[in-house]
Amino acid sequence: MSFSELGLNEGLLNAVARLGYSTPTPIQQRAIPAVIEGRDLLAAAQTGTGKTAAFTLPILQRLSCQTDHRSKNPRVLVLTPTRELAAQVGESVREYGGDMRLRSTIIFGGVSAVPQLKALRQGVDVLIATPGRLLDHVQQGNIDLSEIQVFVLDEADRMLDMGFIHDIRKVIKRLPERRQNLLFSATFSPEIRKLAKSFIENPVEIDVAPRNSTAELIDQKLIYVAKHQKRELLSWMIGKNNWQQVLVFTRTKHGANRLCQQLEMDGLTSAALHGNKSQGARTKALQGFKTGAVRVLVATDIAARGLDIDQLPHVINYELPNVPADYVHRIGRTGRAGLQGEALSLVSTDERPFLRDIQKLLNRQIPELKIEGYYLKEDKGEPADQQKPAGRHGRPAPRDQQKPGRRNARGAGNGQHAPQSRRKKSNRRRQGAGGQRPGSA
Ligand code: AMP
């Protein structure tokens, strides 16, 4: 399919060609005709899928047909969670709409409101804004949203994660009843669905896989393991396989923090990435991960999204997501250009229902990897954490851990790292967490 088949005018096709886009991405193929038609849209897509052009191009197409528009009030409102994203969308509007006589303005907090006010007074067609500053302007009577025809909520899940739900609702109240609504979100949690339902009517639903989630390139495996053994198994796997850059997903922020601390105690340099971290802390964690200073990045779904940390060799689902689409987004982080990536899920008994939903979505069974000492007998029907561990001292141990040399097998870095006994762990605590890097023992 080419861009010329999507119903875009010549100016927009020229802009697309100028930018060197030859083929529309999957989300663009589906969203552009639907938006031009005037339909509401509910799209699951993350950064990198071409989602910005997927809504900007058809919106500009619609505006280009309104030749008799005279009002100074905005016709399009794009709400974004961050000023960076607002700037990015603004840039796209300028690039794609270069051939049109169109006024667009970006509004966000943390900077002087004076230039924003000036731009608003001159008249705006497309307004791109973060919720807080937008509401300030609305409350001061600087913006009239009563002529908005298209309302876009970009990265809706991140908005909710950042606590913008009330602001979003306040903004929506100011919009005219009759309008087109487009909602983009990388994940679709029950909260997002509830929000979507409250203002979107009979939408076209689009779910595109992240760019490198071609299933063939991702080697997906799962290990059935008792919840209390997950951390030990994870450290052991990282060490044994000498993985140097591992992205680990947890379900909660608290879980991410705790796991991160535990991995540090196992001698694995780790950083947590979640919604409670400041932008500075996130950037630092990410930078460390990219340069190799941080070996394990423990993230929640929301925090990992939108960040440029794809093409990783190893993604671990420490906990399965309860939204099946999130699994696809998570594992889409792996699969290096042309090379295979690995996605491993640690599944405890209580997560079986999540696994069932995921396998249903994938329409396939994820192959099981059995690790001696950790293997949970599925047919026992016992709660995972009550099954008798297989190892000595009440701790299951992978077979090679029991071979000679086990005692000094702390080397996560040399492929020999083995789970620690409780006694060793407490010794290490006394030495200070993260004191020794695995392999240096
Ligand atoms: P987004 O998902 O909107 O953040 O876009 C990710 C990147 O893909 C941006 O740098 C766009 O310029 C680029 N892009 C968008 N659509 C296309 C396309 N059809 N072909 C090639 N690149 C694209």
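Look up a bit, the structure's there.
Residues numbered from 1 in each chain as written. Predicted model: local features only at pLDDT ≥ 70, side-chain atom pairs only at ≥ 80, totals over all residues. Heavy atoms only, no water.

A.B. asks: Help me out: how do you make sense of the sheet that holds strand β11 (residues 296-299) in this one?
C.D. replies: The strands making up a sheet associate through backbone hydrogen bonding, with each pair oriented either parallel or antiparallel. Across the sheet, which stays open at both edges, the six strands sit in the order β8-β13-β12-β9-β11-β10 with parallel pairing between neighbours. On the outer flanks of this sheet lie β8 (218-224) and β10 (270-273), each paired with one strand and no other. On average, each strand axis in the sheet is inclined to that of its neighbour by 20 degrees, with strand direction left out of account. The pairing of strand β9 (residues 246-249) with β11 spans four bridges and is classified as parallel. Each bridged residue has a counterpart across the sheet, and for Val248 the counterpart in β11 is Val298. Packing of helix α10 (residues 230-240) onto the sheet brings it into contact with β8, β9, β11, β12 (314-317) and β13 (341-347), and relative to β13 it is tilted by some 160 degrees. Running at roughly 175 degrees to β10, helix α11 (residues 253-265) makes contact with β9, β10 and β11 of the sheet. (Pairing = 2+ DSSP bridges. Helix = DSSP H or I, 4+ residues; strand = E, 2+ residues; numbered from the N terminus. Axes fitted to C-alpha atoms, helices over the stretch in contact; angles between N-to-C directions. Contact = heavy atoms within 4.5 Å.)

A.B. asks: Hey, could you run me through the pairing of β11 in this one?
C.D. replies: Every regular strand shows the same layout, with side chains that alternate between the two sheet faces. Burial along β11 is two-sided: the face carrying Val296 and Val298 and the face carrying Leu297 and Ala299 are both buried. Relative to β11, β10 runs parallel, the two being bridged by four bridges. Residue pairing for β11: Ser270 is matched across the bridge by Val296. On the question of chirality, the crossover connecting β10 to the parallel β11 by way of helix α12 (residues 279-291) is right-handed. (Buried < 20%, exposed > 50% of the residue type's maximum accessible area, 1.4 Å probe, protein only. Right-handed = clockwise from strand over helix to strand, strands pointing away.)

A.B. asks: I tried to follow the pairing of β8 on my own but got confused; where do I start?
C.D. replies: Most of β8 sits out of view: five of its seven residues are buried. Judged from the seven bridges that link them, β8 and β13 form a sheet pairing that is parallel. In the strand pairing of β13, Ile218 is matched with Gly341.

A.B. asks: Is there a simple way to think about the packing of helix α8 (residues 165-173) against helix α9 (residues 190-199) in this case?
C.D. replies: For any two helices packed against each other, the geometry is given by the interaxial angle and the distance between the axes. Following both chains from N to C, one finds α8 and α9 inclined at 10 degrees, their axes separated by 12 Å at the closest point. Between α8 and α9, the angle falls in the class roughly parallel. For the pair formed by α8 and α9, the contact residues are Ile165, Ile168, Arg169 and Ile172 on the first element and Leu195, Ser198 and Phe199 on the second. The residue inventory of the contact of α8 with α9, partitioned by class, reads five nonpolar, one polar and one charged. (Parallel < 35°, antiparallel > 145°, perpendicular 65-115°, else oblique. Nonpolar A, V, L, I, M, F, W, Y, C, P; charged D, E, K, R; others polar.)

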